[in-house]
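Notes for the structure review
Given next are the chains, with one letter for each unit.
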Amino acid sequence: MSSFQFFDILKFNLGNPSVYGFSKTFFLESVKGKVRFAKDESEALTFRNKKVLVKVENYPSSMELIRGFEKKEAVLLLDLSDIVNSKGGKRATFIRRMRKFALLCKKYKVPFGVASFSASEEEMRTEPELEHIGFLIGLERGDTRKALNALEKALE
């Protein structure tokens with residue numbers, strides 16, 4: 001058994017998260033005050049000094065955004081449902097943008113988390129499946145595991 005604990009944010013209530021390899025899952029409605037959705041980088045920067053998860057629409061590869069979150073309490077968030085629930089060119093665009101965004105976070109040591117935001121049990125992915133999606137966006141296994149573990153700091 002791994003020393004890591006894995007967490008996920010879902011849009012539905014899940015009875016037993018351990019079946020999917022998670023220590024705990026959070027229902028989005030119950031943590032909505034700690035998960036912020038920003039339309040652009042300027043809105044995202046307003047949350048950087050708060051203990052929240054921040055998902056920025058379209059994952060801009062802005063140095064101002066990434067450097068603005070260095071050594072701050074907020075954790076940037078990658079929503080893997082953007083990849084899981086899209087197809088074709090749109091999926092490729094999300095993968096490319098997330099890859100660039102995640103690699104900038106890694107390079108500048110900006111904390112980031114990943115979550116599946118599954119809306120139903122049919123959309124659920126196991127922890128290893130999320131690791132493989134992490135490979136698609138250029139993350140190593142340890143990076144994805146650390147990102148799944150990062151959710152706890154902001155949500156508990």
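Further up the page is the structure itself.
Residues numbered from 1 in each chain as written. Predicted model: local features only at pLDDT ≥ 70, side-chain atom pairs only at ≥ 80, totals over all residues. Heavy atoms only, no water.

A closer look at helix 5 (residues 127-136)
Since the α-helix advances by 3.6 residues per turn, residues separated by three or four positions end up pointing in the same direction. Along helix 5, the residues that are buried comprise E127, L130, E131, I133 and G134. Down the axis of helix 5, the buried side of the element spans an arc of 160 degrees, and every buried residue falls inside it. Looking at the buried residues of helix 5, the elements they touch are strand 1 (7-10), helix 3 (81-84) and helix 6 (141-155). Downstream of helix 5 by one or two residues, G138 has phi in the positive range, about 90 degrees. (Buried < 20%, exposed > 50% of the residue type's maximum accessible area, 1.4 Å probe, protein only. Helix = DSSP H or I, 4+ residues; strand = E, 2+ residues; numbered from the N terminus. Arc of directions from axis to C-beta. Contact = heavy atoms within 4.5 Å.)

A few points about the environment of R99
Tracing the sequence through the fold places R99 in helix 4 (residues 88-107). Take R99: its relative accessible area is 34%, and that puts it in the partly exposed class. In this structure, the C-alpha to C-alpha distance between R99 and L139, residues 40 residues apart in sequence, is 7.9 Å. When residues no more than four places from it in sequence are discounted, the contact partners of R99 are L136, I137 and G138. Here L136 takes part through its backbone oxygen, which lies 2.4 Å from a polar atom of the side chain of R99. (Polar contact = N/O pair within 3.5 Å; in protein donor to acceptor, adjacent residues only side chain to side chain.)

A word on the pairing of strand 4 (residues 53-56)
Of the two faces of strand 4, the one lined by L53 and K55 and the one lined by V54 and V56 are each fully buried. Pairing analysis gives four bridges linking strand 3 (residues 35-38) to strand 4, with the strands arranged parallel. Residue pairing for strand 4: A38 is matched across the bridge by V56. By the bridge criterion, two bridges tie strand 4 to strand 5 (residues 75-79) in an arrangement that is parallel. (Pairing = 2+ DSSP bridges.)

What about the sheet that holds strand 4?
Pairing is parallel in the open sheet, where four strands are placed in the order 3-4-5-6. In this open sheet, the two strands that pair with only one neighbour each are strand 3 and strand 6 (112-115). Sheet twist, expressed as the average angle between the axes of neighbouring strands with direction ignored, equals 35 degrees. Of the strands in this sheet, strand 5 and strand 6 are in contact with helix 4, which crosses strand 5 at around 155 degrees. (Axes fitted to C-alpha atoms, helices over the stretch in contact; angles between N-to-C directions.)

Notes on the environment of K72
Here K72 lies in the loop between helix 2 (63-68) and strand 5. Distance in space between the C-alpha atoms of K72 and A102 is 17 Å, their sequence separation being 30 residues. Not counting chain neighbours up to four residues away, the residues in contact with K72 comprise R48 and N49.

Some thoughts on the pattern of salt bridges
Taken as a whole and judged by the stated rule, the model has seven salt bridges. For K106, the salt bridge goes to D143, with nearest N and O atoms at 2.8 Å. Taken as a pair, K106 in helix 4 and D143 in helix 6 lie far apart in primary sequence, 37 residues in all. In this structure, E127 engages R145 in a salt bridge whose closest nitrogen and oxygen atoms are separated by 3.9 Å. Of this pair, E127 sits in helix 5 while R145 sits in helix 6; the two residues are 18 residues apart in sequence, bridging distant segments of the chain. Like R145, E127 is buried. What emerges from the salt-bridge pattern is a single network uniting E127, E131, R141 and R145. (Salt bridge = Lys/Arg side-chain N within 4 Å of Asp/Glu carboxyl O.)

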